[in-house]
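Listed below, chain by chain, are the residues.
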Amino acid sequence: MTSGIEFDAAATRRLEAAYLTSDVIGQRLEVLNALEVRPGERVLDIGSGPGLLAEAMAAAVGPDGCVCGIDTSDAMLARARERCEGVAQARFEHADASQLPFPDADFDVAVSTQVYEYVDDMPAALAELARVVRPSGRIAILDTDYDSLVIHTEDPERMRRVLLAWDDHFVHRDLPRALSPLLRDAGFSLRRRRAIPMFNPEYHRDAFSYHLTRLMAAFAAGRRGVTREEADAWLAEFDTLGRRGAYFFSLNRYLFVAERVT
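Residues numbered from 1 in each chain as written. Predicted model: local features only at pLDDT ≥ 70, side-chain atom pairs only at ≥ 80, totals over all residues. Heavy atoms only, no water.

K.L.:
Would you explain the overall build of the chain in this entry?
P.N.:
When helices and strands are tallied, the chain shows 9 helices and 8 strands. For a compact globule of 262 residues, the expected C-alpha radius of gyration is about 18 Å, and the chain comes in at 18 Å, within 12% of that figure. Considering only residue pairs separated by 6 or more positions, the chain has 79% of its internal contacts joining residues 24 or more positions apart. As displayed, the chain has an accessible area near 11,200 Å², and 50% of this comes from carbon and sulfur atoms. Treating the 31 positive side-chain charges of the chain as one cloud and the 41 negative ones as another, the clouds have centres 2 Å apart. (Helix = DSSP H or I, 4+ residues; strand = E, 2+ residues; numbered from the N terminus. Rg over C-alpha atoms; globule rule 2.2 N^0.38 Å. Contact = heavy atoms within 4.5 Å. Areas by Shrake-Rupley, 256 points an atom, 1.4 Å probe, with all protein chains shown as cover. Lys, Arg positive; Asp, Glu negative; His and termini not counted. Charge placed at Lys NZ, Arg CZ, Asp CG, Glu CD.)

K.L.:
Looking at this model, I keep getting lost on the packing of helix α6 (residues 156-166) against helix α9 (residues 228-244). Mind explaining?
P.N.:
Packed helices, taken two at a time, are described by their axes: the angle between them and the distance between them. It is at 11 Å that the axes of α6 and α9 come closest, and there the two elements cross at 115°. Considering their axes alone, α6 and α9 lie roughly perpendicular with respect to each other. Between α6 and α9 lies a crossing of left-handed hand. Two secondary-structure elements touch here, α6 through Arg158, Met159, Arg161 and Val162 and α9 through Glu230, Ala233, Trp234, Glu237 and Phe238. Here the residues of the contact of α6 with α9 are counted per class, giving 5 nonpolar, no polar and 4 charged. (Axes fitted to C-alpha atoms, helices over the stretch in contact; angles between N-to-C directions. Parallel < 35°, antiparallel > 145°, perpendicular 65-115°, else oblique. Left-handed = near helix turned anticlockwise from the far one by under 90°. Nonpolar A, V, L, I, M, F, W, Y, C, P; charged D, E, K, R; others polar.)

K.L.:
So what exactly am I meant to see when it comes to the packing of helix α2 (residues 22-35) against helix α3 (residues 52-61) here?
P.N.:
It is the contact of α2 with α3, at a shortest axis distance of 11 Å, that shows an interaxial angle of 40°. In terms of their interaxial angle, α2 and α3 are classed as oblique. Crossing angle aside, the handedness with which α2 passes α3 is right-handed. Packed against α2, whose contacting residues are Arg28, Val31, Leu32 and Leu35, the element α3 presents Leu52, Leu53, Ala56 and Met57 at the interface. Its residues assigned to classes, the contact of α2 with α3 shows 7 nonpolar, no polar and 1 charged.

K.L.:
How do you make sense of a nonpolar patch on the surface when you look at a structure like this?
P.N.:
Together, Val150, Phe199 and Phe248 make up an exposed nonpolar region whose accessible area comes to about 260 Å². Tracing the sequence through the fold places Phe248 in the loop between α9 and β8 (249-260). (Patch = residues over 30% accessible without salt bridge, like charges linked within 9 Å, V, L, I, M, F, W, Y side chains within 5 Å. Salt bridge = Lys/Arg side-chain N within 4 Å of Asp/Glu carboxyl O.)

K.L.:
It is not clear to me how the nonpolar core should be interpreted in this structure. Could you clarify?
P.N.:
In this structure, Phe208, Trp234, Phe238, Phe249 and Leu251 are the most contacted members of the largest nonpolar core, which totals 36 residues. Listing elements by their share of this core, those giving two or more residues are α1 (9-19), α6, α8 (208-220), α9 and β8. Ranked by residue count, the leading element in this core is α8, at 8 residues. Counting residues in each nonpolar core, the second largest holds 31 residues, with Ile46, Leu100, Ala110 and Tyr116 among its members. (Core = buried A, V, L, I, M, F, W, Y, C linked by side-chain atoms within 4.5 Å. Buried < 20%, exposed > 50% of the residue type's maximum accessible area, 1.4 Å probe, protein only.)

K.L.:
Before we go on, may I ask you to explain the pairing of strand β1 (residues 42-46) in this structure?
P.N.:
Remark: a regular strand shows side chains that alternate across the two faces of the sheet. In terms of burial, β1 is largely enclosed, as 4 of its 5 residues are buried. Following the backbone out of β1, through α3 and into the adjacent parallel strand β2 (residues 66-71), one traces a crossover that is right-handed. Strand direction decides the pairing type here: β1 and strand β4 (residues 107-113), joined by 4 bridges, are parallel. From the neighbouring strand, Ile46 faces β4, where its bridge partner is Ser112. (Right-handed = clockwise from strand over helix to strand, strands pointing away. Pairing = 2+ DSSP bridges.)

K.L.:
Whenever I open this one, the pattern of salt bridges confuses me. Can you help?
P.N.:
One side chain can pair with another of opposite charge once the charged atoms of both are near each other. In total, this model carries 25 salt bridges according to the counting rule given. Glu93 is the salt-bridge partner of Arg91, the closest N and O atoms lying 2.3 Å from each other. The class for Arg91 is partly exposed, based on a relative accessible area of 33%. Residue class for Glu93 comes out partly exposed when judged on its relative accessible area of 25%. Across the pair Asp174 and Arg177 runs a salt bridge, and its minimum N-O distance is 3.9 Å.

Structure representation (structure tokens):
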């Protein structure tokens, strides 16, 4: 698995702030409802990040179940362990989505949010997912198509270069378009697919885009000819647009729910 963002403690705090916005809380509830996690089940959270989804699923499985979160970021793992301290049924391990360190058919449920867009070999990664999920086990995958990204700007050329730099941080900018056949080829039967829009017509701290654009500016600075000053100016424009009532941000994420059939 590859990612251009190094999730140190500072980047982990930025991402966690985004995950605590109303937009992402709503997304997390959609994923939880789609998975229908039950008491006593074993759940795998691929790319568990700061542990917010894992914490909720641990409550759903109860003391007789288990939630195992994996991540490649030590800072994320540390935050997840801190969040779930005292929750015996939640544990977290350093592992990669392409090489899952678990026995065959070990889990009833598996979930991955915003992870597979960073994975080079998707057929191999989904084969690993199918291997560790039991027959009839349920999975949910949520990823973004960045061609759906619309951000209003009065400097289109600067926006173009910042977004080009941002593209360097993932492998697949449009993974959801290919995910249905990839899942079928891996032995899954699709049960539900839906778009989850992140729509922010205003700019404030409880908006997902408020925090995402900060991550984007931090990543873009020094790449593709984008200077630190330009990245800061790109970010500052949103404050100006927000005060004028002219801010606009829209981005689509896509949720795929499936069952292992082979």
